[in-house]
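# Results of the structural survey
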Amino acid sequence: MGIKFFLLISRQGKVRLAKWFYALPTKERLKIIRDVSSLVIVRKPKMCNFVEYKGEKIVYRRYASLFFICGIEQDDNELIILEVIHKYVEILDKYFGNVCELDLIFNFEKAYYVLEELLLAGELQESSKTNVLSAVLAGDAESEVDAQQDTIQKLVGNVKKY
Amino acid sequence: MVVNNQMKGLKTFISDLRNLKEKDEEKRVNIELAKIRAKFQSSTLSAYDRKKYVSKLLYIYMLGYPISFGHLEAVKLLTAAKYSEKQIGYLAVALLLNENHDLIRLVINSIKKDLLSLDSYKNSIALHAVANFGGREMCETVYPEVQQLLMSAATENIVRQKAALSLLHIYRKFPDIMDPDLREPIIMLLDDDDLNVSLAVSTFVLLIVCREPSLHNLVCKKAIHKLKLIVSGRGYSSDYVYYSVPCPWLQVNLCRILLACHKEVIDDSTKRTLIHVLDRMLSIFDDIKETQHLNAINAILFEAIKLAFAIDDSGSLYQKCMNCLGKMIADKEANVRYLAFDTTAYLISCGHHIPSLKTHKELILSSLRYKDVSLRKKSLELLYMMCDAENSKSVVDDLLMYLPYLDSVSQEDLISKVASLTEIYADDYKWYVDVNLQLLRVAGRSVNDDVWHQFVRVIVNNESTQQYSVRRLFKLLQSDSTHECLVRSGCYLLGEYGYLIADEPESGPLQQFLTVYKKLHASSTRTKVLLLTVLLKLSNLQPDLQKRVASVFKQYSVSLNTEIQQRACEYLQLLSLPSDFLSIVCEKVPVFTIPAKSQPSSFISKSDVSLTDSLNSVKEFDISSSLSGFYRLCWRDKGILYRDSQVQVGAVMEFHDSQGYLSLYFENRQKETFSSFSATLLRTFPNFQVDASFTDSIFSPDKQLQQRFSIDRLDGLFDPPILRISFLAGVMRSVNLLLPVVLSKFMLPTVFDGSTFFQRWGKMGLEREAQLTYGLNGVHSKLDERRLVKIILGLNWGLCPGIDMNPTNIVGAGILQVNAQNIGCLLRLEPNYQKNMIRLSIRSTNTTVANVLATNMQDILKNSFHSEA
């Protein structure tokens, strides 16, 4: 299978996003996160973007203060995964408008939604950037309608009270 | 651009946590958890609050704290009608619930409902859940809906691609759930105009190809076709161009698919097409601008090189591949170099010969000293793979040179690699011993147990090496600073084979004893116990030493370590027993039974999919729909093989001697265009080949698609080939066609006069006769003489009129050429026109041929007299 997990880790080792594409107990997830981030964080910029970890390949790339990390299987193509990461970053950048770590902290669920539209079952499902973006925005619009309805109902409730 | 409808409480909470110090964070989290728990227990929780608190839980979970409650609230959100609640609900369930959680059943029902919904947002979000965390129960329950979404023409493309990947998840984890008949329609979807659907399907096909060798043929054609389209710059919109590379993801997947089924690329035209496509792919190496562009191009190049080697590792592509690889190995960028090493090592492991690699050896060697541990590891792997009988000595020397400069992890890796190389390529035991001793001496710290165990085993098993190694080891042991691995292996062998050097002046029994004794004090417990045994063994072979050894044992019999103490006491006792008892206990170690290493095996060949189960692909196929056409064409050379409301298949044949051609013409009888048309042979025989085939999978009404087959000679008996055509006409349609290639087509009619005929008839005798008596199929069938004669002539029998006593009987003869042998065949057919019965007798020099001809003729005659009514 393609991507087994997708992590966003800050330079200090804090998890900003962790998406798993196979079932694993929480304890083991935490161990992998710990191991992999300690492997990746110490690497120098000129080094290659691949590390091996327990028979799996780790592909990562650093953007500003964040490490984007993918765990993939032995026979997967590393470079193409590297570009999946880049694609994700580009979409986040478009979505948030010059994205920074803070955006992803305060809107962590959005980061998940965007990733959900990009990757499914560990595979790239949508290679067009605009399509991913419009799917996410459409989802946003859908919940926006809900939010408006909420407000209206609240107002109606308030009016009734008086 | 981001829509900000976020919960304020959540934001405050997050920024609160960010302002706290590490140790206060936990306190704050615990307070918050208690608050949320209380809120969840109150009966008046608004949907908004529920959403907010579940979000908080998720954030806390992400920070690494365990979450033990709130699962029910997450499920409630998931089942809510509003999309915004659903979204959080699905996210929370994905993160918090594992696939065996008690609540998962509730979730499954709700997912099923969302899949059935007409709202595509709900479909999508439910498909995400299935694809990302569907367990067995969920997959079983929702399988029909997922399949429906994928196959229905009404589904939007965006939902379709999600359905494809959800189904992939199901097929990957629980292959038994998926309907096997669905595999073919999925392969057909590779042709979909929407590149995303193709992309989603391509990963699926890759898995199918790995599991189902029987489908390789079909997949192969589709994949080549699609790859050709993309590479030649057609069939995609600008949306799918990633840094001026058209959909690199799909290209990579297609290459990998083709690599998995490259064995199916046999016929020349397919091979030519593929080579042409690969040639184009390998040519875009030059004008590269940005990192992204470079990565995308290189990702494809690496796959293309692997594929090119698999298809043809000596032809025109070879030089191109070598150039690419050479450039990449020398590339300054670490990623490219890493992957170039990886790919080269892979190619060598597949058995490809890459002589020009030797020019890069220095460069690869120097990569061993890079700071980057990944690159070091890869270069070591590659050097290991490059090693062959010819260059093994020089590679090992080079590796040893680098040994002292490496960090301990790489040292360990290198040592095990070198050790196994010496074992594989040792033609001279001195070399083997020297290299291994050097490993133990220079980097003993990094030698893992496997390596020195193996070394000891090899020495024990090879008598010729024993004296030499023991002498060398003895010398090395004189040094004060020796690593434990060296001490262990050295002393062990000294205990076994010390007697071989006991006559030499500087290594007499006493020196041997002193050497071991000196090491004893400074060693770890594990080594100590081993050394005690060595002393016992020494004293067995050299009785003079017994006193000294006994005093050592005495000294250690009061050791605080129980293991050492026990051994020392026991050994002391042994020494006091009669000496023949000791010699039995201290027998020489027997030869170890270990499997010898034969070749470098660090790489499992990635492309070779198991082909062993391809045999069961020859199952019974449903061919009923094409039978009437088949029977007719058995005795005619052209006509309609199959026709229904959508498609018509015409056939034209030409046979003479043992050669033949068959052309099939496919016509679309509807006004609309069908897509994804393909024709594959389900059953064939060795000399039956596809000569030329249509290349386009678009099946438009105004066009005729053609496929041509040929047979150049007949080596034996065969079953008529079966061809499967399939296409998408709203839904997927497929028809199996039995091709009218039968034995009688190859027969040469001959005519005999009466006496010759009956002479031969008698000679062949009853034992080589196949006789069948039968009536016709169908109530209204009527046996008709003119038609009967026509059919018999069509079946290539030469008629010999008037030689039978009964004038209604039909007598004929023919010659078959099978495997360069002439087989004579004689026919006598006795029709009964009143009763519509036939008695058929065929005699032949080969009984099997007679049987085949007779049954075949029976089938044809039975079904060829349907009256027009």
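Residues numbered from 1 in each chain as written. Chains lettered and ligands numbered in written order. Predicted model: local features only at pLDDT ≥ 70, side-chain atom pairs only at ≥ 80, totals over all residues. Heavy atoms only, no water.

Looking only at helices and strands, chain B features 34 helices and 16 strands. Here the C-alpha atoms of chain B give a radius of gyration of 39 Å, more than 25% beyond the 29 Å that 2.2 N^0.38 yields for 869 residues. For the C-alpha atoms alone, the extent of chain B along its principal axes is close to 120 × 90 × 60 Å. A total of 869 residues make up chain B; the buried ones form 54% of that total. Long-range contacts, defined as pairs at least 24 residues apart, comprise 67% of the intrachain contacts of chain B with a sequence gap of at least 6. Of the roughly 38700 Å² of accessible surface on chain B, 50% is carried by carbon and sulfur atoms. For chain B, the distance from the average site of its 99 positive side-chain charges to the average site of its 93 negative ones is 4 Å. (Helix = DSSP H or I, 4+ residues; strand = E, 2+ residues; numbered from the N terminus. Rg over C-alpha atoms; globule rule 2.2 N^0.38 Å. Buried < 20%, exposed > 50% of the residue type's maximum accessible area, 1.4 Å probe, protein only. Contact = heavy atoms within 4.5 Å. Areas by Shrake-Rupley, 256 points an atom, 1.4 Å probe, with all protein chains shown as cover. Lys, Arg positive; Asp, Glu negative; His and termini not counted. Charge placed at Lys NZ, Arg CZ, Asp CG, Glu CD.)

On to the pairing of strand 16 (residues 837–844) of chain B. All names here are of chain B. Counting buried positions along strand 16 yields 6 of 8 residues, so the element is predominantly enclosed. The pairing of strand 12 (residues 769–775) with strand 16 spans 7 bridges and is antiparallel. Along strand 16, the bridge assignment pairs tyrosine 774 with isoleucine 838. Of the pairings in the sheet, the one linking strand 15 (residues 821–832) to strand 16 comprises 8 bridges and is antiparallel in character. Counted as the bridge partner of proline 831 is isoleucine 838 from strand 16. Counted along the chain from strand 15 to the antiparallel partner strand 16, the turn is 4 residues long, and its residue asparagine 836 has a positive phi close to 55°. (Pairing = 2+ DSSP bridges.)

Residues and elements named next belong to chain A. Pairing within the open sheet is antiparallel, and its 5 strands lie in the order 2-1-5-4-3. The sheet terminates laterally at strand 2 (15–20) and strand 3 (50–53), the two strands that pair on one side only. Recorded for the sheet is a direction-independent mean angle of 20° between the axes of neighbouring strands. In this structure, strand 4 (residues 56–63) lies alongside strand 5 (residues 66–72), joined through 7 bridges in antiparallel fashion. What sits directly across from arginine 62, in strand 5, is phenylalanine 67. (Axes fitted to C-alpha atoms, helices over the stretch in contact; angles between N-to-C directions.)

Another aspect to go through is the packing of aromatic side chains. Taken as a whole, this structure holds 34 aromatic pairs over all chains when the rule is applied. Plain terms: the ring middles of A:Phe68 and A:Tyr88 are 6.1 Å apart, the flat faces sit at 70° to each other, and that makes the pair edge-to-face. In this pair, A:Phe68 sits in strand 5 while A:Tyr88 sits in helix 2 (residues 78–96), placing the two residues 20 residues apart along the sequence. Both residues of the pair, A:Phe68 and A:Tyr88, belong to the buried class. Aromatic rings pair up to connect B:Phe655, B:Phe685, B:Phe688, B:Phe709, B:Phe718 and B:Phe746 into one cluster. Here the basic side chain of B:Arg787 rests over the ring of B:Phe865, its NZ or CZ set 6.0 Å away from the ring centre. (Phe/Tyr/Trp six-rings, centres within 6.5 Å; stacked < 30°, edge-to-face > 60°. Lys NZ or Arg CZ within 6 Å of the ring centre and 35° of its normal.)

Take the nonpolar core next. In this structure, A:Phe6, A:Phe68, A:Tyr88, B:Ile111 and B:Leu167 are the most contacted members of the largest nonpolar core, which totals 281 residues. Ignoring sequence-local partners within four residues, the contact set of A:Phe68 consists of A:Phe6, A:Leu7, A:Leu8, A:Val59, A:Tyr60, A:Arg61, A:Tyr63, A:Ile85, A:Tyr88, A:Val89 and A:Leu92. Formed by 71 residues, the second largest nonpolar core is a distinct cluster that contains B:Phe709, B:Ile725, B:Tyr774 and B:Trp797. (Core = buried A, V, L, I, M, F, W, Y, C linked by side-chain atoms within 4.5 Å.)

Our focus in this paragraph is the interface of chain A and chain B. Every contact between the two is made by 73 residues of chain A and, on the other side, 73 residues of chain B. Between chain A and chain B the total buried area reaches about 6600 Å² when both faces are included, carbon and sulfur atoms providing 55% of it. The largest contributions to the chain A side of the interface with chain B come from A:Leu79, A:Phe106 and A:Phe108, which together make up 10% of the buried area. Where chain A touches chain B, the interface holds 8 salt bridges. Taken together, the connections running from chain A to chain B amount to 23 residue pairs in polar contact (both at pLDDT 80 or more). When contributions to the side of chain A that touches chain B are tallied by element, the ones reaching two or more residues are strand 2, helix 1 (26–41), strand 3, helix 2, helix 3 (101–106), helix 4 (108–118), strand 7 (123–124) and helix 5 (129–161) of chain A. When residues of the side of chain A that touches chain B are assigned to their parent elements, the largest contribution, 15 residues, is made by helix 5 of chain A. When its residues are assigned to classes, the side of chain A that touches chain B shows 31 nonpolar, 16 polar and 26 charged. (Buried area = accessible area lost by both parts, 1.4 Å probe. Salt bridge = Lys/Arg side-chain N within 4 Å of Asp/Glu carboxyl O. Polar contact = N/O pair within 3.5 Å; in protein donor to acceptor, adjacent residues only side chain to side chain. Nonpolar A, V, L, I, M, F, W, Y, C, P; charged D, E, K, R; others polar.)

A full pass over the atoms with the stated rule returns 2 cavities of 30 Å³ or more. Volume-wise, the largest cavity comes out at about 110 Å³. Put simply, the parts of the chain that give the lining of the largest cavity at least two residues each are strand 2 and helix 1 of chain A together with helix 3 (47–62) of chain B. Take the lining of the largest cavity: its biggest share by element is 4 residues, from helix 1 of chain A. Taken together, the residues of the lining of the largest cavity sort by class into 10 nonpolar, 2 polar and 1 charged. Empty space within the second largest cavity amounts to approximately 50 Å³. Elements with a contribution of two residues or more to the lining of the second largest cavity: helix 5 (83–96) and helix 7 (120–133) of chain B. Per element, the largest residue contribution to the lining of the second largest cavity is 5 residues, and it comes from helix 7 of chain B. Across the lining of the second largest cavity, the residue classes break down as 6 nonpolar, 2 polar and 2 charged. (1 Å grid on protein atoms, 1.4 Å probe; cavity = no way out; pocket = protein on both sides within 12 Å on 5 of 7 lines; lining within 4 Å. Points joined across faces, edges and corners; volume = space filled by probe spheres on them.)

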